[in-house]
Amino acid sequence: MTGSKKLSWKGILYAAAPALLYTALSNAVYNLCALSGLFASAASSRLLMQAVSVSVCLLFFGWYAYQEGIQLSSGKKGMFRYPASFCYAMAVVLCGIVNNYLFSMAMSFLKDVSTGYWSVVQVFYNHNLWLEILTLCVIAPFAEELVYRGLVYQRLRRQGSETKAAVLSALLFGVLHLNIVQCVYAFVLGILLAHIVNRTGSLYAAAAAHMAANLVSVLWTETNLLDMLNQSGGRMYTAAVVCLLLMGIFLSYGNRMMKGKG
């Protein structure tokens, strides 16, 4: 990723505006749902309100992206595009698993600064599994990709280099999760997701990878389907290293398949 253009603060704020609006809009809709009292009797009331808020954001930013002329998919075709997208999705999933292991290892140091993260866990998890999958693994990832890799990243990309656009959009993605644990997690994934958009030319590929990572997280947390990922002690360190190596392999294969594609 190269480029010589210089970003201005005005340009950065212009690019960041959709992300700030997304955060404000989702919080406003969530609070309106809470004030309405319509969800008070539901066992999964907080997750239902979150589902409504991200659905409103998806509809609004879908319209906004259309008005802005945001590219969801470029002309990068080729027979390797979909296998490469699969490799990239696997890399993002493995990155998420490594992040979870690292978080578990660092828990003794993060207890005092991860309060916000546990509040998020209480809202999103321990509810109806299918509602979690719909909200966390379908609606929210697509809405976030429209905003962060669509509007924010593409606005930054038009002003400067791919590297700066990827880092700044990922940093904003992390910071606006509003807690230190998700900030680090989202920043790293944001870099990978921007890389996917750059290499494949497809926002759909990034959204699919984001959905896959969230699905693994939900299934790992809420079911016993991925119990093999539950490791402790030395095995956790080994599992983290293995996943990190596999992530590098999948990322490398994806890059090789998309090399030179226009």
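Residues numbered from 1 in each chain as written. Predicted model: local features only at pLDDT ≥ 70, side-chain atom pairs only at ≥ 80, totals over all residues. Heavy atoms only, no water.

Caption draft 1: Spatial organisation of the packing of helix H3 (residues 81-105) against helix H9 (residues 203-222). One way to put it is that H3 packs onto H9 with a least axis distance of 8 Å and a crossing angle of 40°. Between H3 and H9, the angle is such that the two are oblique. By crossing handedness, the relation of H3 to H9 is classed as right-handed. Listed contacts from H9 to Ser 85, Ala 89, Val 92, Val 93, Ile 97, Asn 100 and Tyr 101 of H3 are Ala 205, Ala 209, Ala 212, Ala 213, Val 216 and Trp 220. Partitioned by chemical class, the residues of the contact of H3 with H9 number 11 nonpolar, two polar and no charged. (Axes fitted to C-alpha atoms, helices over the stretch in contact; angles between N-to-C directions. Helix = DSSP H or I, 4+ residues; strand = E, 2+ residues; numbered from the N terminus. Parallel < 35°, antiparallel > 145°, perpendicular 65-115°, else oblique. Left-handed = near helix turned anticlockwise from the far one by under 90°. Contact = heavy atoms within 4.5 Å. Nonpolar A, V, L, I, M, F, W, Y, C, P; charged D, E, K, R; others polar.)

Caption draft 2: View of the nonpolar core. Grouped together as the largest cluster of nonpolar side chains are 63 residues, with contacts concentrated most on Val 92, Ile 97, Tyr 101 and Ile 196. Where this core is concerned, the elements lending two or more residues are helix H1 (9-36), helix H2 (45-68), H3, helix H6 (129-159), helix H7 (162-175), helix H8 (180-200), H9 and helix H10 (233-258). Considering each element in turn, this core owes the most residues, 12 residues, to H3. With residues near it in sequence (within four places) discarded, Ile 97 still touches Val 216, Trp 220, Leu 229 and Cys 243. Judged by nonpolar contacts, the second largest core, of five residues, contains Tyr 30, Cys 33, Phe 39 and Met 49. (Core = buried A, V, L, I, M, F, W, Y, C linked by side-chain atoms within 4.5 Å. Buried < 20%, exposed > 50% of the residue type's maximum accessible area, 1.4 Å probe, protein only.)

Caption draft 3: Representation of the side chain of Thr 200 in the model. For Thr 200, the position within the fold is in helix H8. At 2.7 Å, the side chain of Thr 200 forms a polar contact with the backbone oxygen of Ile 196. Of the polar contacts made by the side chain of Thr 200, one reaches the backbone nitrogen of Ser 202; its length is 3.1 Å. (Polar contact = N/O pair within 3.5 Å; in protein donor to acceptor, adjacent residues only side chain to side chain.)

Caption draft 4: Examining a nonpolar patch on the surface more closely. The grouping of Val 242, Leu 246, Ile 249 and Tyr 253 at the surface amounts to a nonpolar patch, some 350 Å² of accessible area in total. Secondary-structure assignment places Leu 246 in helix H10. (Patch = residues over 30% accessible without salt bridge, like charges linked within 9 Å, V, L, I, M, F, W, Y side chains within 5 Å. Areas by Shrake-Rupley, 256 points an atom, 1.4 Å probe, with all protein chains shown as cover. Salt bridge = Lys/Arg side-chain N within 4 Å of Asp/Glu carboxyl O.)

Caption draft 5: The arrangement of H8 in detail. Relative to the 30 Å expected for 21 residues at 1.5 Å per residue, H8 spans 30 Å between its end C-alpha atoms, a close match to the ideal helical length. Remark: Gly 201 follows H8 within two positions and exhibits a positive phi of approximately 70°. (Expected span 1.5 Å × (residues − 1).)

Caption draft 6: Structural view of the packing of aromatic side chains. With the rule as written, the count across this model stands at nine aromatic pairs. For the pair Phe 60 and Phe 61, a centre-to-centre distance of 5.0 Å together with 85° between the ring planes defines the contact as edge-to-face. The partly exposed category is assigned to Phe 60, whose relative accessible area is 30%. The exposure class of Phe 61 is buried, given its relative accessible area of 0%. One aromatic cluster is present, formed by Tyr 22, Phe 60, Phe 61, Trp 63 and Tyr 64 through successive ring pairs. Over the face of the ring belonging to Tyr 14 we find Arg 155, whose NZ or CZ atom lies 3.9 Å from the ring centre. Sitting over the face of the ring of Tyr 253, Arg 256 holds its NZ or CZ atom 5.5 Å from the ring centroid. (Phe/Tyr/Trp six-rings, centres within 6.5 Å; stacked < 30°, edge-to-face > 60°. Lys NZ or Arg CZ within 6 Å of the ring centre and 35° of its normal.)

Caption draft 7: Summary view of the packing of H6 against H9. Two elements in contact, H6 and H9, have axes separated by 8 Å at closest approach and are oriented at 145°. Regarding H6 and H9, the two cross each other, and that crossing is right-handed. Tallied by class, the residues present in the contact of H6 with H9 amount to 15 nonpolar, three polar and five charged.

Caption draft 8: Summary view of the layout of surface pockets. A volume near 230 Å³ is recorded for the second largest pocket. What lines the second largest pocket is a set of 13 residues, and nearest its centre among them are Gln 71, Tyr 153, Gln 154, Val 197 and Gly 201. Secondary structure elements with two or more residues in the lining of the second largest pocket: H6 and H8. Element by element, the count of residues in the lining of the second largest pocket is highest for H6, at four residues. Tallied by class, residues from the lining of the second largest pocket come to three nonpolar, six polar and four charged. (1 Å grid on protein atoms, 1.4 Å probe; cavity = no way out; pocket = protein on both sides within 12 Å on 5 of 7 lines; lining within 4 Å. Points joined across faces, edges and corners; volume = space filled by probe spheres on them.)

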